[in-house]
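Residue strings, one per chain:
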Amino acid sequence: MSTSTVDDLVESGSEYHAGFVTDVESETLPPGLDEDVVRYISARKGEPQWLTDWRLKAFASWQEMREPKWAHVHYPPINFQEISYYSAPKSQTDGPRSLDEVDPELLRTYEKLGIPLHEQAALAGVVPDPAAIGTPAGANVAVDVVFDSVSIATTFKENLAEAGVIFCPISEAVHSHPELVQKYLGSVIPQRDNYYAALNSAVFSDGSFVYIPKGVRCPMELSTYFRINERNTGQFERTLIIADEGSHVSYLEGCTAPMRDENQLHAAVVELVALGDAQIKYSTVQNWYPGDENGKGGIYNFVTKRGLCAGPRAKISWTQVETGSAITWKYPSVVLRGDESVGEFYSVALTNNRQQADTGTKMIHMGKNTKSTIVSKGISAGGSENCYRGLVRISPTAQNARNFTQCDSLLIGDQCGAHTFPYIENKNNSATVEHEASTSKVSDDQLFACQQRGIETEQAVSMIVNGFCKEVFRELPMEFAVEAGKLLEVSLEGAVG
Amino acid sequence: MSLLSVSNLHASVVTDEGPQPILKGLTLQVNPGEVHAIMGPNGSGKSTLANVLSGRPGYTVDGGTAVLGNDPLLELEPFERAQLGLFLAFQYPVEIPGVSNMEFLKASMDSLARARGEEQPNTATFMKRVRELASSLDLDPAFLKRGVNEGFSGGEKKRNEIMQLLLLDPKLAVLDETDSGLDIDALQTVAEGVNRYRSSDNGVILITHYQRLLDYIVPDFVHVLSNGSIVQSGDKSLALELEAKGYAWLT
Ligand SMILES: Nc1ncnc2c1ncn2[C@@H]1O[C@H](COP(=O)(O)OP(=O)(O)OP(=O)(O)O)[C@@H](O)[C@H]1O
Ligand SMILES: [Mg+2]
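Residues numbered from 1 in each chain as written. Chains lettered and ligands numbered in written order. Predicted model: local features only at pLDDT ≥ 70, side-chain atom pairs only at ≥ 80, totals over all residues. Heavy atoms only, no water.

Enquirer: I'd like to hear about the overall build of chain A, residue by residue, with values.
Expert: Helix and strand counts for chain A come out as 14 helices and 23 strands. By residue count, 63% of the 497 residues in chain A fall in the buried class. Pairs at least 24 residues apart make up 84% of the contacts formed inside chain A by residues separated by at least 6 positions. (Helix = DSSP H or I, 4+ residues; strand = E, 2+ residues; numbered from the N terminus. Buried < 20%, exposed > 50% of the residue type's maximum accessible area, 1.4 Å probe, protein only. Contact = heavy atoms within 4.5 Å.)

Now the structure itself:
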């Protein structure tokens, strides 16, 4: 897709809505959720009947389900009828025209994160400079910018197409590759998997679709920036990545949300399918608005992420750096069905002020000689609560399965909490399951040792915390490793007095 | 002008039972080019002096002043004192897991340079310099990649402190029992490092229990700290006298 002018961008965005969209003015559905809303969303996207039915089935399940209460998080009840479930992109002319018009506080954060200017502009919703969007920093990163609920720009398409890689908004894939979407959508996370997955299945807005053909190594890292833009708009991303036999792909997901006063619900679903000998590496840097220091505002991030190692020797690796959101409820998991398949989970979860995080993973071993590794680093500061919850299940069929879990918590100050809930279900006595856990504090002595060498307090804290996270940062692609380090620094601001 | 001027310093350590006075009117002046040895019984307040000068949390200053060059120290943040050129070699160097020595030193150098409005050192030159210093102190260069003091032996930690001293080249170095726990060879290596650091512009406060160290690092003055103040000062011969007679005759 060539994106030489703003008009082209707008055009390409509305392309697949042709016939339904008369203009690109913003359009937000009034709050509320019923069958008609589900039908409306589906119709608005011009979806085939099977998908409308699929959504309706999910909606029916959701209505029978109850909100889960087992997580170690507390929040007032969510009124799902007060949320708007569809929002098309605003007209390009509504956005700020230049960075000068953007909230300086937001820019200051971007700057600290070292986000290049043209990406800052994209993140802040500045009317895109098409030339810049086409050439993100680090060159070999393809960025699919998701503005609110509808993807409006996809780059590097041609390059990827040459390799046979499909990387597009899922709403587009529904039309261009219906057989793949129909086959795999919900194949890893069924509609009624859990309350939020059911909700997402009913009302999902958009997200990324990736297909890597047999034996292909994706020629670049795939990346998506998500952004919540409109007030009171639930964000229901749906991502599906399929790596066919022997293929490799690395996918990066990063989020930055602007300041918002009201709590916003974010219930994404990400499904990964790795066929025999395929490898998927999925990295996330999550930095949704966490709310202010008193816990006002902030995103509720209730995400379902799961990968299926469908064939032998498949490998799925989740790496996440979670610093944002008021509440995070997220367990990227791997189902190890293929023999000798491998699942990995590397996580840094940082909470400050009033943030609450209940995050971890599930490793479900089914195939023989399957192997999983879990490295979780939880950092709690301020008055936050940080909880690791992990399940390692060894099925009777998982001969010689192996798991190693390392779970470390770091406390900053004494008003915060760290909790660890490891669950192990072992039904095969040839399996090896190892679990290590530690809790430590950033000590006054460590801080003083840094300060005595001239290092200022905030930098010292961030250096110590970065050191603690080293094993996880090592797993991140280069572009993200630097950003992640800075993100910790910004997120820890004010954590030490 | 004196390098460090401590006058009638009173300070307490903050304990669960409230503040407990430790320094009780301590006065000390260090001029450029001088080495002052401070000796004294366990618990007399030697480390407290080092900690209060460098601004370690857990102490309160109850009176008196401490001035480095022209700058009164006692109101400043610890990192500001360091940026002014005060260096403390710790009696018990702390471990910082995951933060490599090299990374730590670079952060330190950069902070000091930034504070002084100097250019930050070029990374390649910097790393070369650090490696040279490490080998001059018999530290394996592999140490530089390891976490700060992580799994270092007691003697290695002390040599690491001296490496930092040489790299950062402060105006005033306070060495708190850098000699304890060192084998004889390491003691010489460390002493040689300190002598290399010495110049006519800077000063050293050497806290030690052992006269032996003063054979290698010859002090201009020896002070005896007892019960929170300096009770006796002299030259190197005082250390020999203390070795022969102990502290009892002074208190
Ligand atoms: N955190 C603390 N809580 C309670 N008492 C303390 C604390 N720190 C120091 N003290 C007390 O202050 C006094 C002086 O201690 P300091 O460490 O300065 O002695 P020192 O002269 O360095 O001794 P040493 O030769 O053993 O190193 C001691 O009685 C010690 O117990
Ligand atoms: Mg001491």
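Next comes the rest of the write-up.
Enquirer: Describe the side chain of N149 of chain B, and please don't skip the residues or the numbers.
Expert: Residues and elements named next belong to chain B. Relative to the elements of secondary structure, N149 occurs in the loop between strand 8 (147–148) and helix 5 (154–168). Relative accessible area serves as the criterion here: at 2%, N149 is assigned to the buried category. A distance of 2.8 Å separates a polar side-chain atom of N149 from the backbone oxygen of V94. Not counting residues up to four positions away in its chain, the partners in contact with N149 are P93, V94, E95, N101, K157, N160 and E161. (Polar contact = N/O pair within 3.5 Å; in protein donor to acceptor, adjacent residues only side chain to side chain.)

Enquirer: Explain the packing of aromatic side chains residue by residue, including any values.
Expert: All names here are of chain A. Using the criterion set out here, one finds 20 aromatic pairs over all chains in the structure. Seen in terms of ring centroids, Y75 and F302 are 5.5 Å apart; in terms of plane orientation they differ by 40°. Their pairing is tilted. With Y75 in the loop between helix 3 (49–64) and strand 2 (87–88) and F302 in strand 13 (residues 299–309), the pair connects residues that are 227 residues apart, well separated along the chain. Accessibility assignment for this pair places Y75 and F302 in one class, buried. (Phe/Tyr/Trp six-rings, centres within 6.5 Å; stacked < 30°, edge-to-face > 60°.)

Enquirer: Give a detailed account of the sheet that holds strand 11 (residues 221–226) of chain B, specifying residues and quantitative values.
Expert: All names here are of chain B. If you trace the six strands from one edge of the open sheet to the other, you get 6-9-10-3-11-12, paired in mixed fashion. Strands with a single pairing partner mark the edges of an open sheet, and in this sheet they are strand 6 (86–89) and strand 12 (229–234). Each adjacent strand pair in this sheet contributes to an overall mean axis angle of 20°, direction not counted. Relative to strand 10 (residues 203–207), strand 9 (residues 172–176) runs parallel, the two sharing five bridges. From the neighbouring strand, V174 faces strand 10, where its bridge partner is I205. Running over the sheet, helix 5 touches strand 6 and strand 9 and is turned about 165° from strand 6. (Pairing = 2+ DSSP bridges. Axes fitted to C-alpha atoms, helices over the stretch in contact; angles between N-to-C directions.)

Enquirer: I'd like a rundown of helix 12 (residues 457–468) of chain A, residues and numbers included.
Expert: Its 12 residues give helix 12 of chain A an end-to-end C-alpha distance of 17 Å, which sits within 8% of 16 Å, the value for a rise of 1.5 Å per residue. Among the 12 residues in helix 12 of chain A, 10 count as buried, and that is most of the element. (Expected span 1.5 Å × (residues − 1).)

Enquirer: How would you summarise the pattern of salt bridges if you had to cite specific residues and measurements?
Expert: Residue and element names in this part refer to chain A. A full pass over the atoms with the stated rule returns 23 salt bridges over all chains. Between E35 and R39 there is a salt bridge; the shortest N-O distance is 2.9 Å. Remark: R39 and E35 occur in helix 2 (residues 35–44); sequence separation between them is four residues, near one turn of the helix. A salt bridge links E47 to R55, with the shortest nitrogen-to-oxygen separation between them at 2.8 Å. (Salt bridge = Lys/Arg side-chain N within 4 Å of Asp/Glu carboxyl O.)

Enquirer: Which residues make up the sheet that holds strand 2 (residues 18–30) of chain B, and what values go with them?
Expert: Residue and element names in this part refer to chain B. An order of 2-1-4-5 is seen for the four strands of this open sheet, with the pairing classed as antiparallel. Of all strands in the sheet, those bounded by a partner on one side alone are strand 2 and strand 5 (71–72). Bridge analysis of strand 1 (residues 4–15) against strand 2 gives 10 bridges, and the strand direction is antiparallel. The residue of strand 2 that forms the bridge with V6 is L28.

Enquirer: For the pairing of strand 15 (residues 327–330) of chain A, give the residues involved together with the corresponding values.
Expert: Residues and elements named next belong to chain A. On strand 15, burial covers both faces: I327 and W329 on one face and T328 and K330 on the other are all buried. Pairing geometry for strand 13 and strand 15, over four bridges, is parallel. When the bridges of strand 15 are listed, F302 appears paired with W329. Bridge count between strand 15 and strand 18 (residues 356–365): four bridges; the pairing is parallel. Counted as the bridge partner of I327 is Q356 from strand 18.

Enquirer: Any details on the packing of helix 4 (residues 123–136) of chain B against helix 5 of chain B? Residues and values, ideally.
Expert: All names here are of chain B. Between helix 4 and helix 5, the least distance of the axes is 10 Å, while the angle of their chain directions is 135°. It follows from the interaxial angle that helix 4 and helix 5 lie oblique. In this structure, helix 4 crosses over helix 5, and the sense of that crossing is right-handed. On helix 5, the residues touching F126, R129, V130, L133 and A134 of helix 4 are M163, L166 and L167. Of the residues that constitute the contact of helix 4 with helix 5, the class distribution is seven nonpolar, no polar and one charged. (Parallel < 35°, antiparallel > 145°, perpendicular 65-115°, else oblique. Left-handed = near helix turned anticlockwise from the far one by under 90°. Nonpolar A, V, L, I, M, F, W, Y, C, P; charged D, E, K, R; others polar.)

Enquirer: Talk me through the site of ligand 1; I want residue IDs and the actual numbers.
Expert: Residue and element names in this part refer to chain B. Lining the immediate environment of ligand 1, one finds 14 residues, of which G43, K46, S47, T48 and H209 sit closest. A distance of 2.9 Å is found between an oxygen atom of ligand 1 and a backbone nitrogen or oxygen belonging to G43. Between ligand 1 and the protein, one listed contact pairs an oxygen atom with a side-chain N or O atom of E177 at 3.2 Å. Counting only elements with at least two residues in the shell around ligand 1, the list comes to strand 1 and helix 1 (46–54). At three residues, the largest contribution of residues to the shell around ligand 1 is made by helix 1. Looking at the shell around ligand 1, its residues break down into three nonpolar, nine polar and two charged. (Near = heavy atom within 4 Å.)

Enquirer: Hey, could you go over the coordination of the magnesium ion (ligand 2) for me, with residue numbers and the actual values?
Expert: All names here are of chain B. S47 (OG) and Q91 (OE1) make up the full set of protein donors to the magnesium ion (ligand 2), lying at 2.0 to 2.4 Å. Taken as a pair, S47 in helix 1 and Q91 in the loop between strand 6 and strand 7 (96–100) lie far apart in primary sequence, 44 residues in all. By relative accessible area, which is 22% here, S47 ends up partly exposed. (Donors = N, O, S within 2.8 Å, 3.2 Å for Na, K, Ca; no water.)

Enquirer: Please provide a residue-by-residue account of the interface of chain B and chain A, values included.
Expert: Facing the 30 residues of chain B at the interface are 18 residues of chain A. The tally of links between chain B and chain A comes to three salt bridges. Inspection of the chain B/chain A interface yields 12 residue pairs in polar contact (both at pLDDT 80 or more). Elements represented by at least two residues in the side of chain B that touches chain A include exactly helix 2 (78–83), strand 6, strand 7, helix 3 (101–115) and helix 5 of chain B. At seven residues, the largest contribution of residues to the side of chain B that touches chain A is made by helix 3 of chain B. For the side of chain B that touches chain A, a count of residues per class yields 17 nonpolar, eight polar and five charged.

Enquirer: I'd like a description of unusual backbone geometry, backed by residues and values.
Expert: Residues and elements named next belong to chain B. For N8, which is not a glycine, the phi torsion comes out positive at approximately 50°. If you trace the backbone, N8 turns up in strand 1. By relative accessible area, N8 is classed as partly exposed at 41%. Here N149, not a glycine, exhibits a phi torsion of approximately 60°, which is positive.

Enquirer: Tell me about the environment of E340 of chain A, and please be specific about residues and values.
Expert: Residue and element names in this part refer to chain A. With respect to the element layout, E340 can be found in the loop between strand 16 (333–336) and strand 17 (342–351). According to the relative accessible area criterion, E340 is partly exposed, its value standing at 39%. Between the C-alpha atom of E340 and that of H365, which follows or precedes it by 25 residues, the distance is 10.0 Å. Apart from residues lying up to four places away in sequence, E340 is in contact with R313, A314, K368, N369 and T370.

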